[in-house]
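Listed here are the chains, written in short residue letters.
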Amino acid sequence: MSRLDFVVEKFSLNGCVRYVLSGNMHSPPFSASLYEAYLFARGGGQRGSGRTIMQQLAYLFTWGNREGVDIDKLMLCGFGLNRVGVVSFGRWLKGLKDLRSGEPLSSDYIYQIFCSARKFAFWHVLRNMSGRKGNAAVLDTKDALEVLKIFWDVPFRVNGHDLEFSDFDMRCYSGIERHLYVDRNSSRENISPQCFRDYLIWRIAWEFGLRIGEILALRLQDLYLFGSDPYLRVVRLDERDLSEYDPRGVYSPKVKTLSRDLGFIDKDSNLPDALEDYVSRFRCWSEIGGSRNLESVSHNYLFVSHGVGCLPLSYSAVRKLALKVSDALGMDFRWHMVRHTFFNKWYSEIPEGDKAAYESLRYWGGWKSEKSLNIYTRRAIRDAAVKGLIGFNRRASM
């Protein structure tokens, strides 16, 4: 493979490091520069992955240049990329080789490039439509995004694996697990309370499929970690003691689903022991500027800020954690995607016609209506329908 037609160049602006795409025969694409400015503003100048994202976009612009597709014009006009273009771009990526090793690009890296290009296209569509007003504009924007999602939700084969972009696959899971993993068997001095907390939040989201608000609302009394069948209790706010104190006030997390008791699906999970370890050894310790202090904690919420007073963890903190994971791994990580992945996975394993299992899954999600479960399991329903149609066609042709 020849080198990319575009490269990332670094420059300084007002004392801050910035990045721009440039090519020997091309002026810097304005759409990429706009997006870089957005990323910089969103990160407050601290976003170290700006170069990584721009490098990944260099693949999109190189593909467009070689295929005669004006990516800059399409983005600036708010058109994005159609399905034919998305498929062509994916196939082109699949055929690339690493410049140094000569080996095909890894499926992980292709996935990262694809996700960055997808976010880039979505951002420009939204930017283009943001100036429109009225209900018609809202519907136009919604329709455009739905169409774009269909275009970009394209599974294709990479090194023998199907890539599914609406949920996490095992490559995504492995990357996040490695990034957040904390070895709790290390000495206490070598374990950051904040890092241990972040890892436990990720594990609860993955093993239980809880909303991030439900995780933030967990209290010490909601943990039943002893005995042969440990479980977590999710409790709606209107079913709690009215005198219960939450320092987050109006920003306190809301439990939107029904109250329920959820056992650990994996009986060999080390999460119960890890949670007990966090509560007994780390929860009441602040971590500020490299020093740790034992704090007097005035609330019963499980996850804390690990700042002065160890206040309950805020929504903004977990949103920042999601952004850090996205930046570190070059992927689009959102907490709600973990929940979608959980229910798609388990829905796909329900035997056809097993109403009891379906009801159990609905209970697990905390939904009153089965329609809510269907929203979360669209991919699994779609996959099952495709398999069913294939089976029907085979029977019909016999």
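For clarity, every value in this text was computed on a predicted model and none was experimentally measured.

Attention shifts here to the packing of helix α7 (residues 170-180) against helix α8 (residues 193-208). To describe two helices that pack against each other, one gives the angle between their axes and the distance between the axes. Where α7 contacts α8, the axes come no closer than 9 Å and their chain directions differ by 155°. Classed by the angle they form, the pair α7 and α8 counts as roughly antiparallel. With respect to the hand of their crossing, α7 and α8 are arranged in left-handed fashion. Contacts between α7 and α8 involve Y173, I176, E177 and L180 from the former and C195, D198, Y199, W202, R203 and W206 from the latter. Split by residue class, the contact of α7 with α8 holds seven nonpolar, no polar and three charged.

With that settled, the discussion passes to the packing of α8 against helix α10 (residues 271-281). Running from amino to carboxyl end, α8 crosses α10 at an angle of 145°, the nearest separation of the two axes being 11 Å. Seen along the crossing, α8 lies across α10 with a hand that is left-handed. For the pair formed by α8 and α10, the contact residues are P193, F196, R197, L200, R203, I204, E207 and F208 on the first element and L271, A274, L275, D277 and Y278 on the second.

This paragraph deals with the nonpolar core. Of all hydrophobic cores here, the largest spans 56 residues; its most connected members are W202, I204, F208, L275, F303, F333 and W335. If sequence neighbours within four positions are ignored, I204 has contacts with G209, L210, I215, L218, L232, L271, L275 and F303. A58, F61, L93 and L96 belong to the second-largest nonpolar core, a separate cluster that totals 32 residues.

Our next topic: the packing of aromatic side chains. Counted according to the given criterion, the structure contains 27 aromatic pairs. Taking 6.4 Å as the distance between ring centres and 55° as the angle between the ring planes, the aromatic pair formed by F342 and W346 counts as tilted. Of this pair, F342 and W346 both sit in helix α12 (residues 335-348), four residues apart, roughly one helical turn. Note on Y347 and Y358: the rings are 6.0 Å apart at their centroids and 75° apart in plane angle, and the pair reads as edge-to-face. With Y347 in helix α12 and Y358 in helix α13 (residues 355-365), this pair connects stretches of sequence that are eleven residues apart. Among the residues examined, Y358 registers a relative accessible area of 16% and is labelled buried. Grouping aromatic residues by their ring pairs yields a cluster made of F208, F264, F342, F343, W346, W364 and W367. The side chain of R118 reaches across the aromatic face of F122, ending 4.7 Å from its centre.

The next point concerns empty space enclosed by the protein. Any empty space left between atoms is shown by rolling a water-sized probe over those atoms. Applying the stated rule across the entire model yields two cavities of 30 Å³ or more. The volume enclosed by the largest cavity comes to roughly 100 Å³. I53, S116, K119, G330 and M331 are, among the 13 residues lining the largest cavity, the residues nearest its centre. Elements represented by at least two residues in the lining of the largest cavity include exactly α1 (30-43), α2 (50-67), α5 (107-129) and α11 (315-329). Residues that form the lining of the largest cavity fall into these classes: four nonpolar, five polar and four charged.

Here we take up the pattern of salt bridges. For the structure on display, the rule yields 18 salt bridges. In this structure, the salt-bridge partner of R184 is D277, at a minimum N-O distance of 3.9 Å. With R184 in the loop between α7 and α8 and D277 in helix α10, the pair connects residues that are 93 residues apart, well separated along the chain. With a relative accessible area of 22%, R184 lands in the partly exposed category. For D277, a relative accessible area of 10% gives the class buried.

What counts and what doesn't
- Within every chain, residues take consecutive numbers counted from 1 along the sequence as written.
- Where totals are concerned, whole chains, interfaces and linings use all residues; where local detail is concerned, this predicted model gives features only for residues with pLDDT of at least 70, and gives and counts side-chain atom pairs only at 80 or more.
- With hydrogens and water excluded, all non-hydrogen atoms of the structure serve as input to the side-chain values.
- For helices, the fitted axis covers only the stretch in contact; all axes are lines through C-alpha atoms, and the angles between them, taken along N-to-C directions, range from 0 to 180 degrees.
- Where helices and strands are cited, they refer to DSSP runs of H or I of at least four residues and of E of at least two residues respectively, numbered from the N terminus.
- An angle below 35 degrees is read as roughly parallel, one above 145 as roughly antiparallel, one from 65 to 115 as roughly perpendicular, and any other as oblique.
- Each crossing gets its hand from how the near helix is turned against the far one by less than a right angle, where anticlockwise is left-handed and clockwise is right-handed.
- Two residues form a contact once any of their heavy atoms are found within 4.5 Å.
- Three classes are used, and their members are as follows: Ala, Val, Leu, Ile, Met, Phe, Trp, Tyr, Cys and Pro are nonpolar, Asp, Glu, Lys and Arg are charged, and the others, Gly among them, are polar.
- Nine residue types can take part in a nonpolar core, namely buried Ala, Val, Leu, Ile, Met, Phe, Trp, Tyr and Cys, and a core is a set of them joined through side-chain atoms within 4.5 Å.
- Only protein chains enter the accessibility calculation, which uses a 1.4 Å probe. A residue is then buried if its area is under 20% of the maximum for its type, exposed if over 50%, and partly exposed in between.
- Two rings from Phe, Tyr or Trp (for Trp, the six-membered ring) form a pair when their centres sit within 6.5 Å of each other. Planes less than 30 degrees apart are called stacked, planes more than 60 degrees apart edge-to-face, and all others tilted.
- Geometrically, a lysine NZ or arginine CZ counts as sitting over a ring once it is within 6 Å of the ring centre and also within 35 degrees of the ring normal.
- The rule is simple: put a 1 Å grid over the protein atoms alone, call a set of points where a 1.4 Å probe fits but cannot get out a cavity, call an open set with protein on both sides within 12 Å along at least five of seven lines a pocket, and count a residue as lining if it has an atom within 4 Å of a point.
- Grid points are joined across faces, edges and corners, and a volume is the space filled by probe spheres set on the points.
- By convention in these notes, a salt bridge is any Lys or Arg side-chain nitrogen within 4 Å of a carboxyl oxygen on Asp or Glu.

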